[in-house]
Amino acid sequence: MIRMIWKLTAAQFLLHWRDRQTIFFSLFFPLLFMVAIGYMADSGFEQVDIAVIEGAETDYNTRLLDAVIANELLDTQVLPETEARTALEAGDLAMVIILPQDDISVAAGETAPLDLLVNAADPQRGLQAQAILDSVLTRLEHELRGTAPLVAPQTQDVLARDLSYMDFLFPGIMAFMIMTLSITGSGFNIVEYKRKGILKRLFVTPLNPLFFIVSLILTRLATILIQIAIVVGIGIFALQVDFVGSPLLILLFVFAGAILFLSIGFMVGGMAKSQQSVGMIGNLVIFPQVFLASVFFPKDALPGWLQGVSSILPLTYLSDAMRGITNQGMGLVELWPQVLGILVWSIIAIALAAYFFRWSDAADA
Amino acid sequence: MAIVEVIDLTKHYPKPGAAGEKITAVDGISFNIEEGEIFGILGPNGAGKSTTLEMIEGLRDIEEGEVRVCGLSVKNDPVKVKQHIGVQLQESEYFDYLTLGELLDLFGALYQRRVSPDELLAGVDLSEKKSAYVKQLSGGQKQRFSIASALVNDPDVLFLDEPTTGLDPRARRKLWDQVNAIHARGKTIVLTTHYMEEAEALCDRVAIMDRAKIIALDTPKNLIAKHAPEPSRPPEQGTLEDVFMTLTGKELTP
């Protein structure tokens, strides 16, 4: 019996890994996605491109230019006027600063004029550049006039560590992979086996359907563990994702999530009478969750009424739990709403799967 | 001694598109299959051949009647019956990305047996295809592989459901040779077909099914003697199939 289950599991495991299309969508696709996001997030915030047109060689102009170049929020180039205007009109620059041609004794209290060119078609970036420039100028003013600033704000992160989008995305991707691998591995697979007559062929043998289900579940658990391990490895070592929580707890939620979504998959497989309908019902379960279940962006970004829907989705519970562990190092006690949510959904899904799933259909290929 | 006993076997299906109405697929049929014979079930499409076979094999619930295989009731002991029989289904695909060797090994495990894929494949002339996938096989090779996979448990009775449908005459002849070879090893073989010459060439006894009933059951010779009309003119020598075989060569490469 053990050998039977082992052989069935090994066979289905081979099937998964030998199918290049499956591997692409279930492993390389999430990885590519993460790496792409990783590179985007690598540059941190986006710098604002501006250009400076040089003016008279005065001490004031030099200091202003140095201060602008030194500001890390600005990506500053020094350009001749015609080139700068062309680049601004083309939308490559947010703002052009024209340094004054006259020698102005600012230290003595004179007010220096400063001409700024912005593209009216892109007011947002123009304003952003101006705001940054304002702070540069204020600092310069205090320096040149020797005055003290009115306030000295001190910013502190609320969280001890700063979280990048990558840190947010990473646990979401894990939850997403668990969902898709589980649902396709259970219901989709069975309907496909049924359509091809593979199930019928299997049940010509004395195989107990229960063993078959066990082997399906074992195959998926092994596949999920391996693929999650690969993703976690790449996330931590190549993309420097923060992972502060307990790896054991993550493992527990990987299992819990797999059981939850395998059950949902069996439920879908039981409800669907054909290959087309399993795809339809399956996508109905998968797609809304991808967008609503705080995988790619926080649910606060959704309109209010959708947030309510979002917060009770199975995938939300799983990705929130994963995120709580990897980002904040939460423990099982703090994660009780998620544990409860996953538990309740699992019970619902298992009950419905048991209701809809009929082995006697296996002969009707 | 009868190795398969079918008594008053009946099956209805719901009529598609008409709720409540039913179609009679198998209508109270009874027959025995003797140990060591090749037994053919003939009939047009939709006569109930496959349904009958699938009920004997334990794949479909028996609605009414009784089937005993090797003395075991299919209704009460389907799992034990499955240990004793080998089944080649009419159309079944196998797992995409498993080689023939791996598939046979897997099927053996489902019977809790260790099998030798090499021997099984050699038995159906597929030795060199051990590491091929099923989708890389030709139609005839696929059917022969199906038969090999039905033999993993060294069954007492081998069921073949339309084994040569869709095969060209050469592949069909080759399959007949395989069936005869398996028969020579003492297996009882039950096959369905709608090719008359196949039944004539292979079967010891033939049951003819039409509209859910068995309308005749005897040896091919007796059936011909009893039911065949007198030929209006003397038959030509051989058949067109013989011509085809002579021209393309009976000794064939797979």
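Before reading further, recall that the structure is shown in the block above.
This report concerns the structure included in the present document. Bear in mind the structure is a predicted one, so any value in this text is a computation, not a measurement.

### Quick look at the overall build of chain B
Helix and strand counts for chain B come out as nine helices and 10 strands. Taking 254 residues into account, the globule formula puts the C-alpha radius of gyration at 18 Å, and chain B, at 19 Å, falls close to it. Dimensions along the principal axes, computed over C-alpha positions, put chain B at roughly 55 × 45 × 45 Å. Across chain B, contacts joining residues at least 24 apart in sequence account for 66% of those joining residues at least 6 apart.

### Here we look at the sheet that holds strand 1 (residues 2-14) of chain B
Either a parallel or an antiparallel arrangement is found when strands of a sheet pair, and the pairing is made through backbone hydrogen bonds. All names here are of chain B. In spatial order, the strands read 2-1-4-5; together these four strands make up an open sheet with antiparallel pairing. Each edge of the open sheet carries a strand with a single partner, namely strand 2 (22-34) and strand 5 (72-73). Judged from the two bridges that link them, strand 4 (residues 64-69) and strand 5 form a sheet pairing that is antiparallel. Within the sheet, the bridge partner assigned to R68 lies in strand 5 and is S73. Set on the sheet, helix 1 (residues 49-56) makes contact with strand 1, strand 2 and strand 4; between it and strand 1 the angle comes to about 120 degrees.

### Side note on the packing of helix 8 (residues 209-237) of chain A against helix 9 (residues 247-271) of chain A
All names here are of chain A. Where helix 8 meets helix 9, the closest approach of the two axes is 11 Å, and the angle between their N-to-C directions is 135 degrees. Comparing their axes, helix 9 and helix 8 come out oblique. Between helix 8 and helix 9 lies a crossing of right-handed hand. Mapping the contact onto sequence places I217, R220, L221, I224, L225 and I228 in helix 8 and V254, A258 and L262 in helix 9. Within the contact of helix 8 with helix 9, the residues separate by chemical class into eight nonpolar, no polar and one charged.

### Structural notes on the environment of V96 of chain A
Residue and element names in this part refer to chain A. In this structure, V96 sits in strand 3 (residues 95-98). Between the C-alpha atoms of V96 and G269, which are 173 residues apart in sequence, the distance is 61 Å. In contact with V96, not counting residues within four places along its chain, are I50, A51, I53, A84, R85, L88 and L117.

### Quick word on unusual backbone geometry
Unlike most non-glycine residues, Q240 of chain A shows phi in positive territory, near 50 degrees. Within the secondary structure, Q240 of chain A is located in the loop between helix 8 and helix 9. One non-glycine residue with positive phi stands out, namely C70 of chain B, at about 50 degrees. Tracing the sequence through the fold places C70 of chain B in the loop between strand 4 and strand 5. The exposure class of C70 of chain B is partly exposed, given the 19 C-beta atoms found within 10 Å.

### Some thoughts on the environment of F356 of chain A
All names here are of chain A. Within the secondary structure layout, F356 lies in helix 13 (residues 336-356). C-beta crowding within 10 Å serves as the criterion here: with 15 such atoms nearby, F356 is assigned to the partly exposed category. Remark: the alpha-carbon pair of F356 and T184, spanning 172 residues in sequence, is separated by 17 Å. Other than its neighbours up to four places away in sequence, F356 contacts M267, G270 and M271.

### Things to note about the interface of chain B and chain A
Listed per partner, the contact involves 25 residues of chain B and 21 residues of chain A. Only helix 2 (78-84) and helix 3 (100-110) of chain B provide two or more residues apiece to the side of chain B that touches chain A. Looking at which element gives the most residues to the side of chain B that touches chain A, the answer is helix 3 of chain B, with five residues. In terms of residue class, the side of chain B that touches chain A is made up of 13 nonpolar, three polar and nine charged.

### Considering the pairing of strand 2 (residues 74-78) of chain A
All names here are of chain A. Summarising the sheet, strand 1 (residues 48-53) and strand 2 pair through five bridges and their orientation is parallel. Within strand 2, the position partnered with V48 by the bridge is L74. Where the polypeptide runs from strand 1 across helix 3 (residues 59-70) and back to strand 2, its parallel neighbour, the crossover connection is right-handed.

### Points about the environment of L126 of chain B
All names here are of chain B. Summarising the element assignment, L126 is placed in the loop between helix 4 (117-123) and helix 5 (139-150). Along the chain, L126 and F145 lie 19 residues apart, while their C-alpha atoms are 7.5 Å from each other. Excluding anything up to four places from it in sequence, L126 contacts L100, L121, Q141, R144, F145 and A148.

What counts and what doesn't
- Residues numbered from 1 in each chain as written.
- Chains lettered and ligands numbered in written order.
- Predicted model: local features only at pLDDT ≥ 70, side-chain atom pairs only at ≥ 80, totals over all residues.
- Helix = DSSP H or I, 4+ residues; strand = E, 2+ residues; numbered from the N terminus.
- Rg over C-alpha atoms; globule rule 2.2 N^0.38 Å.
- Contact = placed C-beta atoms within 7 Å.
- Pairing = 2+ DSSP bridges.
- Axes fitted to C-alpha atoms, helices over the stretch in contact; angles between N-to-C directions.
- Parallel < 35°, antiparallel > 145°, perpendicular 65-115°, else oblique.
- Left-handed = near helix turned anticlockwise from the far one by under 90°.
- Nonpolar A, V, L, I, M, F, W, Y, C, P; charged D, E, K, R; others polar.
- Buried ≥ 20, exposed ≤ 12 C-beta atoms within 10 Å, placed from the backbone.
- Right-handed = clockwise from strand over helix to strand, strands pointing away.

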